[in-house]
Amino acid sequence: MTLTERYRRPADLPPRIPVFPLRGAILLPRATLPLNIFEPRYLEMVDNVMSGARIIGIVQPIVSSDDDQESPIEKTAGLRSVGCVGRVTSYQELDDGRLIITLTGIMRFQTVGEAETEKPYRIMSVSYDRFASDLTEGLGEELVDRQNLLRVLKTYLEANRLKTDWATIQRASNEFLINALSVMCPYGPEEKQALLEAKDLRSRAEVLVALAEIDLASNGSSGTTLQ
């Protein structure tokens, strides 16, 4: 059963979910996020979810610019109001006790409260209603300016001397390409959150293009406007 078949409406997802606060990381529908789990609190979380719904929420913490914590230890640390829930679709246990898992995104959520728990990790009450359209695969793909997105992406890769399988990129659907790039792109927490909260695929593609153009211009790599 695919995720699209398993989760057809917001009610198919639990209203309370364990969350992994992770700075600079986002998840998006049908995109994947590999995670290296080594902290005891998150090892326990993964063990618990694997015996249940296999659901984990990814949400960014609210941290100051001089705070280098990827995942705050304190349960009182502020969290962003919007995250994305995913299902564990790959699981590997290593000899040193670490876990390598892959989350596949299902849909975004809005946090509405936090549940009291004795668990070492945090559990949030969430609402999915605002993002119900996330469950429709490929929604709005036809509105994306794919030609411009690919042109800017190619310029960015060449300017940063990055290699990629261009044939695979050209074959990818707009949704897969935009969401995968948003998850993988090397931008900061604020930029990542803007990509996460973009209302639709076209808006997210426009944010990706704008971020790439800013990066190119700041590095003196762009001699012409890429719009």
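Residues numbered from 1 in each chain as written. Predicted model: local features only at pLDDT ≥ 70, side-chain atom pairs only at ≥ 80, totals over all residues. Heavy atoms only, no water.

Considering the overall build of the protein chain
Consideration 1: The secondary structure content of the protein chain amounts to seven helices and six strands.
Consideration 2: Listing every helix and strand of the protein chain by position from the N terminus yields α-β-β-α-β-β-β-β-α-α-α-α-α.
Consideration 3: The globule rule puts the C-alpha radius of gyration for 227 residues at 17 Å, and the 18 Å found for the protein chain is close to it.
Consideration 4: On the principal axes, the C-alpha backbone points of the protein chain span a range of 55 × 40 × 35 Å.
Consideration 5: Per-residue burial over the protein chain gives 47% buried out of 227 residues.
Consideration 6: Of the contacts formed within the protein chain by residues at least 6 apart in sequence, a portion of 72% connects residues at least 24 apart.
Consideration 7: Looking at the protein chain as shown, the accessible area adds up to about 11,900 Å², and 49% of this sits on carbon and sulfur atoms.
Consideration 8: Of note, the protein chain has its 26 positive side-chain charges centred 4 Å away from the centre of its 32 negative side-chain charges. (Helix = DSSP H or I, 4+ residues; strand = E, 2+ residues; numbered from the N terminus. Rg over C-alpha atoms; globule rule 2.2 N^0.38 Å. Buried < 20%, exposed > 50% of the residue type's maximum accessible area, 1.4 Å probe, protein only. Contact = heavy atoms within 4.5 Å. Areas by Shrake-Rupley, 256 points an atom, 1.4 Å probe, with all protein chains shown as cover. Lys, Arg positive; Asp, Glu negative; His and termini not counted. Charge placed at Lys NZ, Arg CZ, Asp CG, Glu CD.)

So, unusual backbone geometry
Consideration 1: A positive phi angle, near 60 degrees, is found at Arg 54, a position not held by glycine.
Consideration 2: Examined against the element boundaries, Arg 54 turns out to sit in the loop between α2 (40–50) and β3 (55–59).
Consideration 3: Phi angles above zero are rare outside glycine, and Arg 161 is one such case at about 55 degrees.
Consideration 4: For Arg 161, a relative accessible area of 75% puts it in the exposed group.

Here we look at the nonpolar core
Consideration 1: Counting 67 residues, the largest nonpolar core has Phe 20, Leu 35, Ile 37, Ile 56, Val 85 and Ile 106 as its most contacted members.
Consideration 2: Once you skip the residues sitting within four places of it in the chain, Ile 37 turns out to touch Phe 20, Tyr 42, Leu 43, Val 46, Arg 98, Leu 99 and Ile 101. (Core = buried A, V, L, I, M, F, W, Y, C linked by side-chain atoms within 4.5 Å.)

Considering the packing of aromatic side chains
Consideration 1: Overall, the coordinates contain one aromatic pair when judged by the stated rule.
Consideration 2: Here the aromatic rings of Phe 20 and Tyr 42 are separated by 4.2 Å at their centres, their planes lie at 25 degrees, and the arrangement is stacked. Taken together, the residues Phe 20 in strand β1 (residues 16–21) and Tyr 42 in helix α2 connect sequence positions 22 residues apart. As far as burial versus exposure is concerned, Phe 20 and Tyr 42 are alike and both buried. (Phe/Tyr/Trp six-rings, centres within 6.5 Å; stacked < 30°, edge-to-face > 60°.)

Some details on the pairing of strand β6 (residues 122–127)
Consideration 1: Extensive coverage of β6 is indicated by the burial of five of its six residues.
Consideration 2: Of the pairings in the sheet, the one linking β1 to β6 comprises four bridges and is antiparallel in character. Each residue of the ladder has a partner; that of Pro 18, found in β6, is Ile 123.
Consideration 3: Relative to β6, strand β5 (residues 99–115) is paired through five bridges, and the arrangement is antiparallel. By the bridge assignment, Gln 110 is partnered in β6 with Ser 127.
Consideration 4: Between β5 and the antiparallel strand that follows it, β6, lie six residues. (Pairing = 2+ DSSP bridges.)

Some points on the confidence of the model for the protein chain
Consideration 1: The predicted model of the protein chain has a mean per-residue pLDDT of 92, with 94% of residues at 70 or higher.
Consideration 2: Note on residues 222–227: pLDDT is under 50 here. Beyond four places in sequence and across chains, it has twelve contacts. (pLDDT = per-residue confidence, 0-100.)

Examining a negative patch on the surface
Consideration 1: A cluster of acidic residues, Glu 44, Asp 47, Glu 93 and Asp 95, forms a negative patch on the protein surface.
Consideration 2: Tracing the backbone through its elements, the reader meets Asp 95 in the loop between β4 (82–93) and β5.
Consideration 3: Look at Asp 95 and you get exposed, because its relative accessible area is 87%. (Patch = residues over 30% accessible without salt bridge, like charges linked within 9 Å, V, L, I, M, F, W, Y side chains within 5 Å. Salt bridge = Lys/Arg side-chain N within 4 Å of Asp/Glu carboxyl O.)

Observations regarding helix α6 (residues 189–197)
Two residues of an α-helix separated by three or four positions point the same way, owing to the 3.6 residues in each turn.
Consideration 1: All of the buried residues in α6 are Lys 192, Gln 193, Leu 195 and Leu 196. All buried residues of α6 project into a common sector of 160 degrees when viewed along the axis, lining one side.
Consideration 2: As for α6, its buried residues are in contact with β4, β5, α5 (174–184) and α7 (201–218). (Arc of directions from axis to C-beta.)

Overview of the packing of α5 against α7
Consideration 1: Interhelical geometry of α5 versus α7 gives an angle of 50 degrees and a closest axis separation of 10 Å. When the axes of α5 and α7 are compared, the pair comes out oblique. Seen along the crossing, α5 lies across α7 with a hand that is left-handed. The residues of α7 that touch α5, namely those facing Glu 175, Ile 178, Asn 179, Leu 181 and Ser 182, are Leu 201, Arg 204, Ala 205 and Leu 208.
Consideration 2: Partitioning the contact of α5 with α7 into residue classes produces five nonpolar, two polar and two charged. (Axes fitted to C-alpha atoms, helices over the stretch in contact; angles between N-to-C directions. Parallel < 35°, antiparallel > 145°, perpendicular 65-115°, else oblique. Left-handed = near helix turned anticlockwise from the far one by under 90°. Nonpolar A, V, L, I, M, F, W, Y, C, P; charged D, E, K, R; others polar.)

Focus: the side chain of Arg 30
Consideration 1: For Arg 30, the position within the fold is in the loop between β1 and β2 (32–37).
Consideration 2: If we skip the residues at most four places from it in the chain, Arg 30 touches Thr 4, Thr 104, Gly 105, Ile 106, Asp 134, Leu 135, Thr 136, Glu 137, Gly 138 and Glu 175.

As for α5
Consideration 1: α5 sits mainly inside the fold: nine of its eleven residues count as buried.
Consideration 2: Those residues of α5 lying buried are Asn 174, Glu 175, Leu 177, Ile 178, Asn 179, Ala 180, Leu 181, Ser 182 and Val 183.
Consideration 3: Of the surrounding elements, those touching the buried residues of α5 are β2, α3 (146–159), α4 (166–171), α6 and α7.

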